[in-house]
Amino acid sequence: MEAAIPLNWVLALSAVLFSLGALGVLIKRNIIVMFMSIELMLNAANIALVAFSRAHGNLDGQIVVFFTMTLAAAEVAIGLAIIVALFRIRRTVDVDRATLLKW
Amino acid sequence: MLLKAVFLLVAFGAIVGAIGMLVSPKPVHSALFLVWTLFCIAAIYLLLGAEFLAVVQIIVYAGAIMVLFLFIIMLLDLRRDEFGPDTMTVQWTWGLIFTALLAIALVVVAGAAVALRFSGDPLTLTPIPDLARLLFTKYLLAFEIASLILLIAMVGVVVLAKRPKGGA
């Protein structure tokens with residue numbers, strides 16, 4: 001029998017990917033790349049859910065991941081529509097110039 | 001042993017893809033790096049025995065969602081001189097510091113899960129009928145609500161993306 005992958009390794013990968021996603025949201029100015037970073041964070045959380053589902057031996061975690069993917073699809077569609085609407089008004093994807101609600 | 005080696009390779013690939021996404025200056029390159037990372041994550045699902053989620057990951061994320069991203073990037077007519085001089089040095093510094101702290105905290109939490117171990121043969125896959133039974137019994141209400149959310153998202157996108165032309 002193969003030796004299983006340690007749970008810690010999977011969780012560490014999840015942590016690293018989540019941190020990279022958070023870093024992307026903090027330091028990028030392009031709203032599209034920021035949005036991609038959010039997707040990366042969602043995926044990192046999904047990895048942790050699948051890992052715990054496997055460790056506990058029940059399938060509920062995998063179902064939650066399934067719903068997360070569904071909501072991510074809806075979220076991406078809405079988010080990109082908002083980006084298109086913003087681009088139409090401001091002709092830019094720079095978040096620093098999206099200041100309509102600032103004053 | 002082989003399983004661990006494959007896992008490390010795929011995890012390395014996923015992290016390299018994520019870093020590539022952050023450092024590449026063009027959004028198209030970022031999107032392609034993210035596609036690579038999502039494929040690696042699908043491979044990790046497979047290694048964890050969740051083969052249904054691996055397939056869904058490739059179809060929904062690497063397929064639908066990333067095509068949508070690439071489509072929008074190409075639809076928006078982005079100029080190369082779009083971004084002025086970099087005013088984000090403060091954000092870079094604090095972003096790096098806080099992300100490092102976050103990463104340390106998360107890895108410490110991951111280390112605390114040491115008491116929990118995967119049981120059984122690591123190469124067994126999840127039986128999809130079990131997954132379906134759970135989805136259509138215990139989570140039936142959530143399933144229906146998810147379909148409603150997708151419908152609302154679809155209508156919302158049409159409303160948001162419609163050109164406001166004389167109120168029509």
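For clarity, every value in this text was computed on a predicted model and none was experimentally measured.

Participant: Explain helix H2 (residues 31-56) of chain A to me, using residue names and the numbers behind them.
Facilitator: Residue and element names in this part refer to chain A. When the terminal C-alpha atoms of H2 are compared, their 38 Å separation across 26 residues agrees well with the 38 Å that a helix rising 1.5 Å per residue should span. For H2, a buried count of 19 out of 26 residues is recorded, marking the element as mostly surrounded by other parts of the structure. N-capping of H2 is provided by Asn30, with a side-chain oxygen placed 3.0 Å from the backbone N of Ile32.

Participant: Talk me through the packing of aromatic side chains; I want residue IDs and the actual numbers.
Facilitator: Any aromatic ring pair is given by two values, namely how distant the centres are and how the planes are angled relative to each other. With the rule as written, the count across this model stands at 7 aromatic pairs over all chains. Measuring from centroid to centroid gives 6.4 Å for A:Phe67 and B:Tyr139, while their planes differ by 55 degrees, and the two rings are tilted. Residue A:Phe67 is located in helix H3 (residues 60-90), and its partner B:Tyr139 is located in the loop between helix H5 (128-137) and helix H6 (140-161); the two belong to separate chains. The pair formed by A:Phe67 and B:Tyr139 is uniform in burial state, with each residue classed as buried. Linked through ring pairs, A:Phe66, A:Phe67, B:Phe52 and B:Tyr139 together constitute an aromatic cluster.

Participant: Go over the layout of surface pockets, please, and point to the residues and values.
Facilitator: Empty space among the atoms can be located by rolling a probe the size of a water molecule over them. Counted as a void, the second largest pocket has a volume near 180 Å³. Lining the second largest pocket, in full, are A:Ser53, A:Arg54, A:Gly57, A:Asn58, A:Leu59, A:Gln62, B:Leu48, B:Gly49, B:Thr124, B:Leu125, B:Thr126 and B:Pro127. Here the residues of the lining of the second largest pocket are counted per class, giving 4 nonpolar, 7 polar and 1 charged.

Participant: An account of the packing of H2(A) against helix H1 (residues 2-23) of chain B is needed here, citing residue identities and associated values.
Facilitator: The N-to-C vectors of H2(A) and H1(B) enclose an angle of 160 degrees; their axes lie 10 Å apart at closest approach. Judged by the inter-axis angle, H2(A) sits roughly antiparallel to H1(B). Every pair of crossing elements has a handedness; the one defined by H2(A) and H1(B) is left-handed. Residue-level contacts link A:Val33, A:Met36, A:Ser37 and A:Leu40 of H2(A) to B:Ala18, B:Met21 and B:Leu22 of H1(B). Classifying every residue of the contact of H2(A) with H1(B) gives 6 nonpolar, 1 polar and no charged.

Participant: How would you explain the pattern of salt bridges if you had to name every residue and give the values?
Facilitator: Inspection of every chain in the model, using the stated rule, returns 3 salt bridges over all chains. Here A:Asp94 and A:Arg29 are joined by a salt bridge, their closest N and O atoms 3.0 Å apart. Taken together, the positions of A:Asp94 in the segment after H3 and A:Arg29 in the loop between helix H1 (7-27) and H2 put the pair 65 residues apart, joining distant regions of the chain. Here A:Asp94 falls in the buried class, since its relative accessible area comes to 3%. Notably, a salt bridge pairs B:Asp130 with B:Arg133, separated by 3.3 Å at the nearest N-O pair. Of the two residues, B:Asp130 and B:Arg133 both sit in helix H5, 3 residues apart, roughly one turn of that helix. Residue classification places B:Asp130 among the partly exposed residues on the basis of a relative accessible area of 33%. Of the residues examined, B:Arg133 reaches a relative accessible area of 52% and is grouped as exposed.

Participant: Before we move on, could you go through the environment of A:Ala51 and cite the residues and values that matter?
Facilitator: Residue and element names in this part refer to chain A. Its place among the elements puts Ala51 in helix H2. Its relative accessible area of 0% is what places Ala51 among the buried residues. Separated by 30 residues in sequence, Ala51 and Ala81 have C-alpha atoms that sit 33 Å apart.

Reading the values: rules and limits
- Residues numbered from 1 in each chain as written.
- Chains lettered and ligands numbered in written order.
- Predicted model: local features only at pLDDT ≥ 70, side-chain atom pairs only at ≥ 80, totals over all residues.
- Heavy atoms only, no water.
- Helix = DSSP H or I, 4+ residues; strand = E, 2+ residues; numbered from the N terminus.
- Expected span 1.5 Å × (residues − 1).
- Buried < 20%, exposed > 50% of the residue type's maximum accessible area, 1.4 Å probe, protein only.
- Polar contact = N/O pair within 3.5 Å; in protein donor to acceptor, adjacent residues only side chain to side chain.
- Phe/Tyr/Trp six-rings, centres within 6.5 Å; stacked < 30°, edge-to-face > 60°.
- 1 Å grid on protein atoms, 1.4 Å probe; cavity = no way out; pocket = protein on both sides within 12 Å on 5 of 7 lines; lining within 4 Å.
- Points joined across faces, edges and corners; volume = space filled by probe spheres on them.
- Nonpolar A, V, L, I, M, F, W, Y, C, P; charged D, E, K, R; others polar.
- Axes fitted to C-alpha atoms, helices over the stretch in contact; angles between N-to-C directions.
- Parallel < 35°, antiparallel > 145°, perpendicular 65-115°, else oblique.
- Left-handed = near helix turned anticlockwise from the far one by under 90°.
- Contact = heavy atoms within 4.5 Å.
- Salt bridge = Lys/Arg side-chain N within 4 Å of Asp/Glu carboxyl O.

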